[in-house]
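# Survey of secondary and tertiary structure
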Amino acid sequence: HQLDEGYELNGKLLTNTYIEWKESIYGENKISCQSCHMPGRRHLFRGIHDPEMVKKGITFDMVHAGQTASLLMTNSGVGHLFPTYVTPMVVVKGYLVDRDGKMIPSSVKEAYIGRRVTIDLSEEEYDTRLAPGKTFEFDYMLSSTYDGGDLVFEVWVYPDEFYNRFYRAMLNGAVENSRRKEMEKALEITEGSHYMLFKRALPLHD
């Protein structure tokens, strides 16, 4: 999980997991990769595709003061950047529901945690990944006139987001028929890999 001779964007390697670990408190204290990814010395190598594994590495907290509500996500147990690769994306979402529990579409707000690059690897669009011990704060501003139900926070993990974009782009282009079915199957698999990591409602009514 280290490509020192690999491709760089903005002076950063696409795969730099070992150095991220080595320079963190986990590396300094000799907490091995296997202690998390291979619990009980079982050859599982759990990672971003495993919801239970990810839940152990991230701590959530909610704060509500006045017209601002915040969801705090802390990298409390991942020994490298979260997520470490360019392939996953974490979507943080906040939205209001009415007193009947129905989502108000116009209230949806989102933020993204990850390193997004173009599919040709020519440009880094942003890098919002969480280093060990760091916190991502998602603020949601509430309207003083809102008199409804709850504010809901959700966090979704898309382990194969880069591959999703890549396969869609290929299928929208000139793909040989012999390869199209194979690529459609690959897209079906990667699109089905996402999962909800966190969901909690914050009551706003009496």
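Let me begin by describing the structure that accompanies this report. (Residues numbered from 1 in each chain as written. Predicted model: local features only at pLDDT ≥ 70, side-chain atom pairs only at ≥ 80, totals over all residues. Heavy atoms only, no water.)

Within the protein, the secondary structure is distributed over six helices and 11 strands. Along the first, second and third principal axes, the C-alpha set of the protein runs to 55 × 50 × 35 Å. Counting every position in the protein, which comprises 206 residues, the buried fraction comes to 42%. The long-range fraction of contacts in the protein, counting pairs at least 24 apart against all pairs at least 6 apart in sequence, stands at 65%. Summed over its atoms, the accessible surface of the protein is roughly 12000 Å², and 51% of this surface lies on carbon and sulfur atoms. The positive charge centre, built from 24 side chains, and the negative charge centre, built from 30, are 5 Å apart in the protein. (Helix = DSSP H or I, 4+ residues; strand = E, 2+ residues; numbered from the N terminus. Buried < 20%, exposed > 50% of the residue type's maximum accessible area, 1.4 Å probe, protein only. Contact = heavy atoms within 4.5 Å. Areas by Shrake-Rupley, 256 points an atom, 1.4 Å probe, with all protein chains shown as cover. Lys, Arg positive; Asp, Glu negative; His and termini not counted. Charge placed at Lys NZ, Arg CZ, Asp CG, Glu CD.)

Here we take up the layout of surface pockets. With a probe scaled to a water molecule rolled over the atoms, the places where space remains empty come into view. By volume, the largest pocket amounts to about 830 Å³. What lines the largest pocket is a set of 38 residues, among which His37, Gly47, His80, Thr84 and Tyr85 lie closest to the centre. Among the secondary structure elements, those contributing two or more residues to the lining of the largest pocket are helix H1 (17-22), helix H3 (33-37), helix H4 (51-57) and helix H5 (161-171). Grouping the amino acids of the lining of the largest pocket by side-chain chemistry returns 21 nonpolar, 14 polar and three charged. (1 Å grid on protein atoms, 1.4 Å probe; cavity = no way out; pocket = protein on both sides within 12 Å on 5 of 7 lines; lining within 4 Å. Points joined across faces, edges and corners; volume = space filled by probe spheres on them. Nonpolar A, V, L, I, M, F, W, Y, C, P; charged D, E, K, R; others polar.)

Here the focus is the nonpolar core. In this structure, Met73, Phe82 and Val155 are the most contacted members of the largest nonpolar core, which totals 27 residues. For this core, the elements supplying multiple residues, two or more each, are strand E3 (58-65), strand E4 (68-75), strand E5 (89-97), strand E6 (109-113), strand E9 (135-141), strand E10 (150-158) and strand E11 (195-203). Contact partners of Met73, with chain neighbours within four places excluded, come to Ile58, Thr59, Phe60, Phe82, Val90, Val92, Ile113, Leu130, Lys134, Thr135, Phe136 and Val155. (Core = buried A, V, L, I, M, F, W, Y, C linked by side-chain atoms within 4.5 Å.)

For the structure on display, the rule yields six aromatic pairs. Ring plane angle 40° and centroid distance 5.6 Å describe the contact between Tyr18 and Trp21, whose orientation is recorded as tilted. Here Tyr18 and its partner Trp21 are both found in helix H1, three residues apart, which amounts to about one turn of the helix. Taking the relative accessible area as the measure of exposure, Tyr18 reaches 40% and is therefore partly exposed. Taking NZ or CZ as reference, Lys109 lies 4.5 Å from the ring centre of Tyr140, over its face. (Phe/Tyr/Trp six-rings, centres within 6.5 Å; stacked < 30°, edge-to-face > 60°. Lys NZ or Arg CZ within 6 Å of the ring centre and 35° of its normal.)

An order of E6-E5-E10-E11 is seen for the four strands of this open sheet, with the pairing classed as antiparallel. At either margin of the open sheet sits one strand with a lone partner, and together these are E6 and E11. Adjacent strand axes in the sheet meet at a mean angle of 15°, parallel and antiparallel pairs treated alike. In this sheet, E11 lies alongside E10 in antiparallel orientation, the contact comprising eight bridges. Among the inter-strand pairings, Val155 is bridged to a residue of E11, identified as Phe198. (Pairing = 2+ DSSP bridges. Axes fitted to C-alpha atoms, helices over the stretch in contact; angles between N-to-C directions.)

Position of His80 relative to the elements: it lies in the loop between E4 and E5. Residues contacting His80, with those up to four places away along its chain left out, are Thr17, Glu20, Trp21, His37, Asn75, Leu130 and Pro132.

Let us look at the pattern of salt bridges. Applying the stated rule across the entire model yields 12 salt bridges. With a closest N to O distance of 2.7 Å, Arg115 and Glu124 form a salt bridge. Glu124 shares its class with Arg115; the two are buried. Notably, a salt bridge pairs Glu161 with Arg165, separated by 2.8 Å at the nearest N-O pair. Here Arg165 and Glu161 lie together in helix H5, a separation of four residues that amounts to about one turn. Look at Arg165 and you get buried, because its relative accessible area is 14%. Sharing partners across several salt bridges, the network here consists of Lys12, Glu20, Arg115, Glu124, Asp127 and Arg129. (Salt bridge = Lys/Arg side-chain N within 4 Å of Asp/Glu carboxyl O.)

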